[in-house]
Every structure is written in structure tokens, then in C-alpha cells.
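As a plain string of letters, each chain reads:
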Amino acid sequence: MDKKCHHSLWFAQPKNYSKGLQEDQKIRECIKNYVQKNMRISSGVEGIARIEIQKRIDLIQIIIHMGFPKLLVEGKPRRIEELQMNVQKELNYVNRKLNITITRITKPYGHPNILAEFIAGQLRNRVSFRKAIKKAIELTEQADTKGIQVQIAGRIDGKEIARVEWIREGRVPLQTIRAKIDYCSYRVRTIYGVLGIKIWIFVDEE
């Protein structure tokens, strides 16, 4: 049975639990900000599927699962060290060692986060939402997914009244416990205001 892995692996006393969660959030934000500034592309897709954080007493291991790691590392091999120093400085780590590794994922457009970034980039460039969603669905078909549902909410295409629009392709059994479904929620700022993107991808049945 394929178990879904957690994005954070660590133990903490109940009184320190919220502090650990906030630390994870800061680490993820710091990495995403760095990647945004240093990626060699203009499409707006950072390509981060997920960031795994494993904490021990003296070590924090961070694994960044990326769809397009070449775009970050290419031409500047010391970039990972630079990113490590950035995170250490931001979180003021003195007694804890930090180790960052980047893993390339196959079929990046099978991951909802990367797909949401793609749609967000299209919407920022004033592409019609239906065209953006249809292009995203075409990309997921290449990743051998069984089904996808995309929902966009807000002032779509600059209309005065906010509304919710969604498109589904294939099967997306949200009521079935056995179904392995990847989900993500993403906010994008456009000139008309903030839009919310939600994506459900039906990967497989366990």
C-alpha cells in the first residue's frame, strides 16, 4: 500500500509545537522567496512540488522536490550553499546544522502546486481563465493522471461580480477513501484583485 509521506517529520513537546510549525513556515517561505528571485525563467513557474523538513536535535534536513531544478542550479553550482546560508541567516541558526538537497521529480505537471503556479502565471499575463485551465489539463494528461478538477474563484477576467468557475476532466472521486488525491490551494494577485485556485488531481487508487 502506497502511504502518503508527510511534509514535516519531527517530534516536539506540546508547549514547543506551535514554535516548530512557525519555524517550518519560515523555512518554506525563505526557500520560495529565494527560488523566485534566482530562477532563470519568466513563465512564473517555480517548479517546487513540495518541501520536506526533517528535524533532529542538531540537524535540520531539507529536501526540495522540484520539477525543473536545472533552471535554479544551472550556471551557478554554489547556489545550494548560498540558499543554505540564506536560510541559516534568516532563522538565526547557531548550534544546529542545516543541510539542503534538491531532488528532481519526474512528470512535474502531475503535481498540483506546479500546475497552480502555471495557471497563476497565465492569469497574470491576462490569458482567459478557460484557456489557462485547458492548457493545464493538457499538461496533466502527459503525466498519466486519472483525473483533474480545477476551480478558480474571484473577479475572473476582471468582471465586476466575483464568481466560482470549475472544470473537471476524467474521474475525481473525492468521496472515495481509497483514492489517492493530491490537492493544493493557491492565491494569485492580478490587476483585478486576488484569485483563488484549487486543484484536485486523482493519481491512483490504493
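Below is a summary of the structure that appears in this document. In this text, all values refer to a predicted model and were calculated from it rather than measured experimentally.

**Description of the sheet that holds strand β6 (residues 163–170)**
Read from one edge of the open sheet, 4 strands run β6-β5-β8-β7, paired in antiparallel fashion. The open sheet has two edge strands, β6 and β7 (179–190), and neither has a second partner. The average undirected angle you get between the axes of adjacent strands in this sheet is 10°. Here β7 runs beside strand β8 (residues 193–205); their pairing, made up of 12 bridges, is antiparallel.

**Observations concerning helix α1 (residues 17–38)**
Compared with an ideal rise of 1.5 Å per residue, which puts 22 residues at 32 Å, α1 spans 32 Å between its outermost C-alpha atoms and is within 8% of the ideal. The complete set of buried residues in α1 reads Gly-20, Glu-23, Asp-24, Ile-27, Arg-28, Cys-30, Ile-31, Tyr-34, Val-35 and Asn-38. Buried residues along α1 cover an arc of 160° about the axis, so they all sit on one side. Every exposed residue of α1 that faces more than 90 degrees away from the buried side is listed here: Gln-22, Lys-26, Gln-36 and Lys-37.

**Some details on the packing of aromatic side chains**
If you walk through the whole model with that rule in mind, you get 4 aromatic pairs. Among the aromatic side chains, those forming a connected cluster through ring pairs are Phe-68, Tyr-109 and Phe-118. In this arrangement the basic side chain of Lys-55 is found over the ring face of Trp-10, its NZ or CZ atom lying 4.5 Å from the centre.

**Focus: helix α5 (residues 129–141)**
For α5, with 13 residues, the first-to-last C-alpha span of 19 Å sits near the 18 Å given by 1.5 Å per residue. Among all positions in α5, only Phe-129, Ala-132, Ile-133, Ala-136, Ile-137, Leu-139 and Thr-140 are buried. The buried side chains of α5 occupy one side of the element, clustering within an arc of 160° when seen end-on. Next to the buried residues of α5 lie α4 (112–124), β5 (147–154), β6 and β8.

**Some remarks on the nonpolar core**
Core analysis: the biggest nonpolar cluster contains 28 residues, and Leu-115, Ile-119, Leu-123, Ile-152, Ile-197 and Ile-199 have the highest contact counts within it. Elements represented by at least two residues in this core include exactly α4, α5, β5, β7 and β8. Here the element with the most residues in this core is α4; it accounts for 7 residues. In this structure Ile-197 touches Ala-116, Ile-119, Ala-120, Leu-123, Gln-151, Ile-152, Cys-184, Ser-185, Tyr-186 and Val-188, once residues within four positions along its chain are discounted.

**Observations regarding the sheet that holds strand β2 (residues 48–55)**
In a beta sheet, neighbouring strands are held together by backbone hydrogen bonds and run either parallel or antiparallel to one another. The strand order across the open sheet formed by 4 strands is β1-β2-β3-β4, and the pairing between neighbours is mixed. The open sheet has two edge strands, β1 (8–9) and β4 (97–104), and neither has a second partner. α1 rests against β1, β2 and β3 (59–66) of the sheet, and its axis sits at about 140° to β2.

**With respect to the pairing of β8**
Alignment of β5 against β8, held across 7 bridges, turns out to be antiparallel. Looking across to β8, one finds that Gly-147 is bridged to Phe-202. Counting the residues that bridge the hairpin from β7 to β8 gives 2 residues.

**Here we look at the packing of α4 against α5**
Running from N to C, α4 and α5 cross one another at 150°; their axes reach a closest spacing of 9 Å. If you check the angle between α4 and α5, you find them roughly antiparallel. The element α4 and its partner α5 pack so that their crossing is right-handed. Contact residues: α4 offers Leu-115, Phe-118, Ile-119, Gln-122 and Leu-123, while α5 offers Phe-129, Ala-132, Lys-135, Ala-136, Leu-139 and Thr-140. Each residue belonging to the contact of α4 with α5 can be placed in one class, and the counts come to 8 nonpolar, 2 polar and 1 charged.

Each value, and the rule that gives it
- Residues numbered from 1 in each chain as written.
- Predicted model: local features only at pLDDT ≥ 70, side-chain atom pairs only at ≥ 80, totals over all residues.
- Heavy atoms only, no water.
- Pairing = 2+ DSSP bridges.
- Helix = DSSP H or I, 4+ residues; strand = E, 2+ residues; numbered from the N terminus.
- Axes fitted to C-alpha atoms, helices over the stretch in contact; angles between N-to-C directions.
- Expected span 1.5 Å × (residues − 1).
- Buried < 20%, exposed > 50% of the residue type's maximum accessible area, 1.4 Å probe, protein only.
- Arc of directions from axis to C-beta.
- Phe/Tyr/Trp six-rings, centres within 6.5 Å; stacked < 30°, edge-to-face > 60°.
- Lys NZ or Arg CZ within 6 Å of the ring centre and 35° of its normal.
- Contact = heavy atoms within 4.5 Å.
- Core = buried A, V, L, I, M, F, W, Y, C linked by side-chain atoms within 4.5 Å.
- Parallel < 35°, antiparallel > 145°, perpendicular 65-115°, else oblique.
- Left-handed = near helix turned anticlockwise from the far one by under 90°.
- Nonpolar A, V, L, I, M, F, W, Y, C, P; charged D, E, K, R; others polar.

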